[in-house]
Amino acid sequence: LLISGWVADPLDGAPMSNVKVYIDGSLIGTPMLGLARPDVASYFNKAAYTNSGYQIFYAAGALAAGTHTVTAVATDSNGLSTTFGPLTITVTGD
């Protein structure tokens, strides 16, 4: 399972130093931060957002068949956080 996206802060820029990803409310880890997202920088016209991408891999086999929620939480240098999601995914059994 690949979970990816982008996150940036108007004051901190990117990459942000504190992003965590959860599945069903349980922390699965901190994604790789600082991935190139020139599209984000271009859209917002902010060069500071160029490396705003993140991604994390998770073994889908570790999830039971059924519906699960994925959430990302980013916290800036002032301790303010933003939650993205939840996004619902469905794991099918074979």
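Parameters and conventions
- Residues numbered from 1 in each chain as written.
- Predicted model: local features only at pLDDT ≥ 70, side-chain atom pairs only at ≥ 80, totals over all residues.
- Heavy atoms only, no water.
- Pairing = 2+ DSSP bridges.
- Helix = DSSP H or I, 4+ residues; strand = E, 2+ residues; numbered from the N terminus.
- Axes fitted to C-alpha atoms, helices over the stretch in contact; angles between N-to-C directions.
- Polar contact = N/O pair within 3.5 Å; in protein donor to acceptor, adjacent residues only side chain to side chain.
- Contact = heavy atoms within 4.5 Å.

Draft legend 1. Seen up close, the sheet that holds strand E3 (residues 26-29). Taken together, four strands build an open sheet; the order of strands is E3-E2-E6-E7 and the sheet is antiparallel. For this open sheet the edge positions go to E3 and strand E7 (81-91), each flanked by a neighbour on one side alone. Strand after strand, the sheet turns through a mean of 30° between neighbouring axes, direction not considered. As defined by bridge partners, strand E2 (residues 18-23) adjoins E3 across three bridges and the pair is classed as antiparallel. Across the sheet, tyrosine 22 pairs through a bridge with leucine 27, a residue of E3.

Draft legend 2. Representation of the side chain of serine 52 within the structure. Considering the arrangement of structural elements, one finds serine 52 in the loop between helix H1 (38-44) and strand E5 (53-57). Side-chain polar atoms of serine 52 contact the backbone oxygen of tyrosine 49, separated by 2.9 Å. Ignoring sequence-local partners within four residues, the contact set of serine 52 consists of Gly5, Trp6, Val7, Ala8, Ala14, Leu35, Arg37 and Val40.

Draft legend 3. Region of the structure containing unusual backbone geometry. The omega torsion of the bond from alanine 14 to proline 15 falls at 0°, within 30 degrees of zero and hence cis. Its place among the elements puts proline 15 in the loop between strand E1 (2-6) and E2. Of note, the bond from glycine 85 into proline 86 is cis; its omega dihedral lies within 30 degrees of zero at 15°. When you line up the elements, proline 86 lands in strand E7. Of note, the phi angle at aspartate 24 is positive, near 55°, even though the residue is not glycine. Position of aspartate 24 relative to the elements: it lies in the loop between E2 and E3.

Draft legend 4. Looking closely at the sheet that holds E5. Within the open sheet, the three strands sit side by side as E1-E5-E4. Their pairing is antiparallel. Every other strand in the sheet has two partners, leaving E1 and strand E4 (32-35) as the edge strands with one partner each. The average angle at which neighbouring strand axes cross in this sheet is 20°, direction not considered. Summarising the sheet, E4 and E5 pair through three bridges and their orientation is antiparallel. In the sheet register, methionine 32 faces E5, and the bridge partner there is glutamine 55.

Note that all results are geometric; they support no functional claim without further evidence.
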